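# Fold and contact review
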Amino acid sequence: MSRTQQILKQLNHIPSEGINPASEQIDLMSTGDALQCINQQDSLVASAVAKAIPEITLAVDAAVACLKQGGRLIYIGAGTSGRLGILDAVECRPTFSVPDNIIVGIIAGGETALTNAVEGAEDDIGAAQRDLDNIQFNNQDMLIGIAASGRTPYVIGALNYAVSINAITACVVCNPNAPLIEIADIGICANVGAEVLTGSTRMKSGTAQKLILNMISTASMIKLGKTYKNLMVDVNATNEKLVARAIRIVMQATECDQQTAIDALSIAKSNAKLAILKILKNSDITTCENLLKSNDGFLRRALDAG
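Rules behind the numbers
Numbers given for residues are sequential positions, taken from 1 along each chain in its written order. Selection of residues for local features in this predicted model requires a pLDDT of at least 70, selection of side-chain atom pairs for listing and counting requires 80 or more, and totals for whole chains, interfaces and linings are taken over all residues. Processing note: side-chain calculations cover all non-hydrogen atoms of the structure and skip hydrogens and water entirely. Comment: elements are numbered from the N terminus, with helices defined as DSSP H or I runs of at least four residues and strands as E runs of at least two. Here's how the labels work: a residue is buried when its accessible area is under 20% of the maximum for its type, exposed when over 50%, partly exposed in between, all with a 1.4 Å probe on protein chains only. Here, residues are in contact when the closest pair of their heavy atoms is within 4.5 Å. Accessible surface is estimated by sampling points in the Shrake-Rupley manner with a 1.4 Å probe; for residues, cover comes only from the protein chains shown. Pairing between strands is defined by DSSP: at least two bridges between the two strands are required. Here the axes come from fitting lines to C-alpha atoms, over the contacting stretch only for helices, and the angles between their N-to-C directions go from 0 to 180 degrees. The term polar contact refers here to a pair of N or O atoms within 3.5 Å; inside protein, the definition further demands a hydrogen-donor-capable atom paired with an acceptor-capable atom, and it admits residues adjacent in sequence only when both atoms are side-chain atoms. An expected span of 1.5 Å times one less than the residue number is assigned to each helix. To be clear, the arc concerns the directions from the helix axis to the C-beta atoms. Two helices that cross are described as forming a left-handed crossing if the nearer one is turned anticlockwise from the farther one by less than a right angle, and a right-handed crossing if clockwise. Gly falls in the polar group here, along with every residue not listed as nonpolar (Ala, Val, Leu, Ile, Met, Phe, Trp, Tyr, Cys, Pro) or charged (Asp, Glu, Lys, Arg). We call Phe, Tyr and Trp rings a pair once their centres come within 6.5 Å, taking the six-membered ring for Trp, and we label the pair stacked below 30 degrees between planes, edge-to-face above 60, and tilted otherwise. Whether a charge sits over a ring depends on NZ of Lys or CZ of Arg being within 6 Å of the ring centre and within 35 degrees of the ring normal.

### Section: the overall build of the protein
Broken down by element type, the protein carries 14 helices and five strands. Dimensions of the protein, computed from the C-alpha atoms along their principal axes, are close to 70 × 50 × 35 Å. Burial analysis of the protein (306 residues in total) assigns 45% to the buried set. Considering only residue pairs separated by 6 or more positions, the protein has 64% of its internal contacts joining residues 24 or more positions apart. Entry remark: accessible area of the protein is about 15100 Å², with carbon and sulfur atoms responsible for 50%.

### Notes on the sheet that holds strand 5 (residues 186–189)
The five strands lie next to each other as 2-1-3-4-5, forming an open sheet whose pairing is parallel. Each of the sheet's edge strands pairs with one partner strand only, and the pair in question is strand 2 (103–107) and strand 5. The mean angle between the axes of side-by-side strands here comes to 20°, regardless of whether they run parallel or antiparallel. Note: strand 3 (residues 142–146) against strand 4 (residues 168–173), five bridges, orientation parallel. Bridged to Ile146 within strand 4 is Val172.

### Observations regarding the side chain of Ser220
Structurally, Ser220 can be placed in helix 9 (residues 204–223). We classify Ser220 as buried; its relative accessible area is 1%. A polar side-chain atom of Ser220 sits 2.6 Å from the main-chain carbonyl oxygen of Ile216. Contact partners of Ser220, with chain neighbours within four places excluded, come to Val60, Ala63, Val64 and Met215.

### Details of the environment of Ile216
Among the secondary structure elements, Ile216 is positioned in helix 9. Judged by its relative accessible area of 0%, Ile216 is buried. In the structure, Ile216 is positioned 24 residues away from Glu240 in sequence and 28 Å away in space, judged by C-alpha atoms. Aside from chain neighbours lying at most four places away, what touches Ile216 is Ile56, Ala59, Val60, Leu73, Tyr75, Ile144 and Ile188.

### Describing helix 9
Structurally, the α-helix is built with 3.6 residues per turn, so residues lying three or four positions apart point the same way. For helix 9, built from 20 residues, the straight-helix expectation of 28 Å at 1.5 Å per residue is met to within 8% by its first-to-last C-alpha distance of 28 Å. Gly225 lies just past helix 9 and shows a positive phi near 85°.

### Examining helix 2 (residues 31–42)
In this model, helix 2 (twelve residues) spans 16 Å end to end at C-alpha, consistent with the 16 Å of a helix rising 1.5 Å per residue. Taken as a whole, helix 2 has its buried residues at Ala34, Cys37 and Gln41. One face of helix 2 carries all of its buried residues, which in axial projection span an arc of 60°. Projecting away from the buried face of helix 2 at angles above 90 degrees are the exposed residues Thr31, Leu35 and Gln36. Contacts made by the buried residues of helix 2 are with helix 3 (45–50) and helix 9.

### Overview of unusual backbone geometry
Positive phi is not limited to glycine here, since Lys229 has a value of about 55°. Mapped onto the fold, Lys229 is located in the loop between helix 9 and helix 10 (240–254). Positioned with a positive phi, Glu255 is a non-glycine residue whose angle comes to about 60°. You can see Glu255 is positioned in the loop between helix 10 and helix 11 (258–267). A relative accessible area of 75% places Glu255 in the exposed class.

### Here's the deal with the packing of helix 10 against helix 12 (residues 272–281)
One way to put it is that helix 10 packs onto helix 12 with a least axis distance of 9 Å and a crossing angle of 35°. In this structure, helix 10 crosses over helix 12, and the sense of that crossing is right-handed. Where helix 10 approaches helix 12, its residues Ile249, Val250, Ala253 and Thr254 are matched on the opposing element by Ala272, Ala275, Ile276, Ile279 and Leu280. Per-class residue counts for the contact of helix 10 with helix 12 are eight nonpolar, one polar and no charged.

### As for the packing of aromatic side chains
Across all of its chains, the model carries zero aromatic pairs by this definition. Over the ring of Phe298 we find Arg301, and its NZ or CZ is 3.8 Å from the ring centre.

Nothing here speaks to function; it is geometry throughout.
Here's what the structure looks like:
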């Protein structure tokens, strides 16, 4: 059996490759009806993700344990899946002040593949190990493979390599029969069913993957003390919008006025968490820094401390 025949056989068992009866006549619909159809199908995604929460929980707990021990969280994928992993990774720095090398996204074909299709990159099973070696991936890190079909050779190669060096692994797929589920320590599957456009996994499958990655990174950062209540107190204020957000966060957390927040942030060198602690504890910055350090960076714990 040729490689093409093998792929055709595999596609017969992938939900996203099935014909969706709800959109079978979409090419005859008015613009409004077509959009209603797409929107109705999109509304099914959250419930599919909800069913995977037990596995997402395991992935978050594993990621937190890894990061606490000095490891890294690595996303890897091809095409849309790879781009979504990179998107989630790069947004962690401004949102949570996480160094760029702690949560990392890798895409088959490298940076070129972010904006261009790199033909054949997803089929290069050996390239994944080379890409992981380039970032010195090791068994202290956690690898999350992202692939809607769960059968992408590049991602399979990545997870097999991670398993071979005893690194913790997880996968995010939309196919319950995905080979990746058999390889990964933690298999996360959001079965969103047939796509509006048959096989177009940038749609419902991509939305599900984005939701799951958001959940993994956000919940992990919460568990690492990067938030206070539901406020992003570790925001990295690197532009005017984020400076304004930091001021607003301090005001929301302390119920102080704008000038008090600005003054506290100035003393705290734009560290919102420190500024909040200074205001609420009515203490000096050095004491606040020591309080945060002794409480592993958790603002709520520092506030509760004597």
